[in-house]
Amino acid sequence: PELKHAGYDKVIFRGKSPKLVYIWIHNDKVEIRDASHLKGKGAVETQELIRQELKEPNAQVAAIGLAGENRVYTASIEQGRSSSSRLGMGAVMGDKGIKAIAVRGTKDINLARPAEFIELCNDVLKYIKFRNENPVPNVMTILQGLGSPQEMFHVDEKWHTENFSWGNARTQRKDFWTKGVELRWKEVQESVRTRLISCYNCPMKCGAIISIPGLSAYMMKCFTKLTYTMAAFVDDLDFGFKIAQRATEYGVDGFSTPQIMAFAFELKESGILTDADFAGCPSDNEGKFYWLLDRIVRREGIGDILADGIHWAAQKIGKGAEAYAHNNIKKHEQLPLKLGMLNPVYFLMYATGEKINITQIEGQFPQAPFATMEEREEFISDWIQCPDDKFKQIVLDWEFRGERSNPHYPTVDMSVDIVDWQEKMHYIDDALGVCAGLSSFPLKPPYHMHNYPKFVSAATGIDMDEDGLTQVYNRNRNLLRAVNVRRGLRRADEVPPEDHWKKRFPELEAQLLDAYYKFKGWNNDGIPTKETLQALDLGYVAEDLEQRGIIKNGQD
Ligand code: SF4
């Protein structure tokens, strides 16, 4: 919102700076300032140093740490109560020589129809209150509420610690969550969690300030609480909070980075990497992880190779290392989760998603069937977010076993429909700049397909309806696909990790991809056709793909 108050919707940086700089946007005035004195400073520390330097305690600052400066592929951008973590955006910022972007905006924000807009906001607030008081029943605790996963609030981690895979996404520890662990983890979390915090003006509290004696405080939300601990096979949550403090200052993604380190230690155990690669590395699990994290963000020794992520590191290392890069999709590390029976909806989302993380693709449709008809009826009884009654029927008919169960139910066409709806909501959130935690990600969120067009209309004065918003989504989805297609993305890349499900069905999976591409108006290699692009006013994109020989005339 600070940027909006300064008078901007988005800021686009072109080109690179020859020396490290930061950008200072103060309403209409924009300055490029020297940042050489901030070189090597932490991503959180930098935010405060810039506020002091500018004498602007209310400026919002987005900054990178050492990882971004050194173009580590998992580098994040940290900002107050949020973090842009996936896909290495921090490396892009570092490559451009931008250490930070500071913004102070004091202008009013003008709405086309303010009274109508505020009324819609009040409805949303009322619904959030209702949902907080009435969690969705009969689903896992983590799926019952709103917001990003409430990892800072919940202390019961039995499900994650026993069902996620530890180390390099390999090992389930089915008896991990003992009474002793439960008590210790609760005690640790409650002692370091100074307070729960929300983003600007949001009634949810998804994040927390973490304060550990002797270390500077930082903000944490979502799964980073668990990822380092589980990747390193360290049984004490205390380690997770401590290493995450260092990692946040370095500015790295908490999903990929621990997996990269676990991958490296697996290669060492297998003899593919040697003692020489790890000269000086401590032998204990905690020490090993700190040591390697320090090397990755500085690109020192083996850290330089690992800084490019598992896929590229495996290619460079060779000697069979590729087989250890087993938990990637499209070259990116995924959730450390291994399951039994193929779920057709999740197969499609994992395979075709271009947002890398499943939490940025999945959302408003249940992850699994409900056990009884009563539970199903209860779920659909107040499902106001559902865009079409056909989805309610799927929920009613979906079983754990028998003909109407995974992998053949939801059917191929139903799966495509469900995925399209899930994706649509995420793409709309991105276009509007709304948090997925209140829309595309949770079950039964306050923002959905039926009220979003009203918000857009009241805010902008644009006459928007559901079809119009769907058109916006389709344009964005196809534009993103075209960008990746230009960079070589093809059907062969649309594969989940081979071991994500134990039971795989190659024929069905091929049918799912065929049907999804057809539904999208793409050819059988996942490339948008000329007709599809033209129908979305993206004729110039079709021309570009034609000039590059990617779309060939007369070929679908
Ligand atoms: S729901 Fe979204 S905006 Fe609100 S506190 Fe959670 S992450 Fe922040």
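Owing to the predicted nature of the structure, the values given are computational and were not obtained by experimental measurement.

Q: Go over the pattern of salt bridges with me, naming the residues and quoting the values.
A: For the structure on display, the rule yields 49 salt bridges. Of the charged contacts, one joins D235 and R173 as a salt bridge, the two residues approaching to 2.9 Å between their closest N and O atoms. Of this pair, D235 sits in the loop between α9 (224–231) and α10 (237–250) while R173 sits in the loop between α7 (158–163) and α8 (179–192), and the two are 62 residues apart along the sequence. Among the residues examined, D235 registers a relative accessible area of 38% and is labelled partly exposed. E190 serves as the salt-bridge partner of K186, at 3.3 Å between the closest nitrogen and oxygen. With a gap of four residues between them, K186 and E190 both fall in helix α8, about one helical turn apart.

Q: Let's hear about the site of the ligand: which residues, and what values?
A: Neighbouring residues of the ligand: G147, S198, C199, C202, M204, C206, K221, C435 and L438. Per-class residue counts for the shell around the ligand are six nonpolar, two polar and one charged.

Q: Can you break down the sheet that holds strand β2 (residues 29–34) residue by residue, with the values?
A: Across the sheet, six strands lie side by side as β2-β1-β6-β3-β4-β5; this open sheet has mixed pairing. Sheet topology places β2 and β5 (82–84) at the edges, where each strand pairs with a single neighbour. Adjacent strand axes in the sheet meet at a mean angle of 15° when their direction is disregarded. Inspection of the sheet shows strand β1 (residues 21–26) paired to strand β6 (residues 98–104) by six bridges, in the parallel sense. Within β6, the residue paired with V21 across the bridge is I98. Docked against the sheet, helix α2 (residues 43–54) engages β1, β2, β3 (60–63), β4 (77–79) and β6, running at close to 140° with respect to β3.

Q: Explain the domain arrangement of the chain to me, and be specific about the residues and the numbers.
A: Interfaces are often described in size by the accessible area the parts lose on coming together. Split by domain assignment, the chain resolves into domain 1 (2–104), domain 2 (147–333) and domain 3 (339–547). Domain 2 and domain 3 are separated by 29 Å when their C-alpha centres are compared. The partner domain 3 presents 19 residues to the 12 residues of domain 2 that form the contact. For the pair domain 2 and domain 3, the summed buried area comes to about 1100 Å², and 62% of that belongs to carbon and sulfur atoms. Counting the surface domain 2 buries against domain 3, the share from its top three residues, G147, I329 and K330, is 52%. The interface formed by domain 2 and domain 3 includes one salt bridge.

Q: Residue-level account of the packing of aromatic side chains, with values.
A: For the structure shown, the criterion picks out 26 aromatic pairs. Geometrically, the ring pair formed by Y350 and W501 is edge-to-face, given 5.9 Å between the ring centres and 75° between the ring planes. You can see Y350 sitting in helix α15 (residues 344–352) and its partner W501 sitting in strand β13 (residues 501–503), a full 151 residues away along the chain. Residue classification places Y350 among the buried positions, given a relative accessible area of 6%. Since its relative accessible area comes to 2%, W501 is described here as buried. For the ring pair F365 and W383, a centre distance of 6.1 Å and an interplane angle of 45° mean the geometry is tilted.

Q: Quick one: what's the story with the nonpolar core, residue by residue and with numbers?
A: Ranked by size, the top nonpolar core spans 83 residues in total, and within it I210, F241, F365 and W383 carry the most contacts. A per-element tally of this core places helix α18 (residues 412–432) first, with eight residues. Residues lining this core come from more than one domain, with at least three contributed by each of domain 2 (147–333) and domain 3 (339–547). With residues up to four places along the chain from it excluded, the contact list for W383 reads Q364, F365, P366, F391, K392, V395, W421 and K444.

Cut-offs used in this document
Residues numbered from 1 in each chain as written. Predicted model: local features only at pLDDT ≥ 70, side-chain atom pairs only at ≥ 80, totals over all residues. Heavy atoms only, no water. Salt bridge = Lys/Arg side-chain N within 4 Å of Asp/Glu carboxyl O. Helix = DSSP H or I, 4+ residues; strand = E, 2+ residues; numbered from the N terminus. Buried < 20%, exposed > 50% of the residue type's maximum accessible area, 1.4 Å probe, protein only. Near = heavy atom within 4 Å. Nonpolar A, V, L, I, M, F, W, Y, C, P; charged D, E, K, R; others polar. Pairing = 2+ DSSP bridges. Axes fitted to C-alpha atoms, helices over the stretch in contact; angles between N-to-C directions. Contact = heavy atoms within 4.5 Å. Domains from an automatic or database assignment. Buried area = accessible area lost by both parts, 1.4 Å probe. Phe/Tyr/Trp six-rings, centres within 6.5 Å; stacked < 30°, edge-to-face > 60°. Core = buried A, V, L, I, M, F, W, Y, C linked by side-chain atoms within 4.5 Å.

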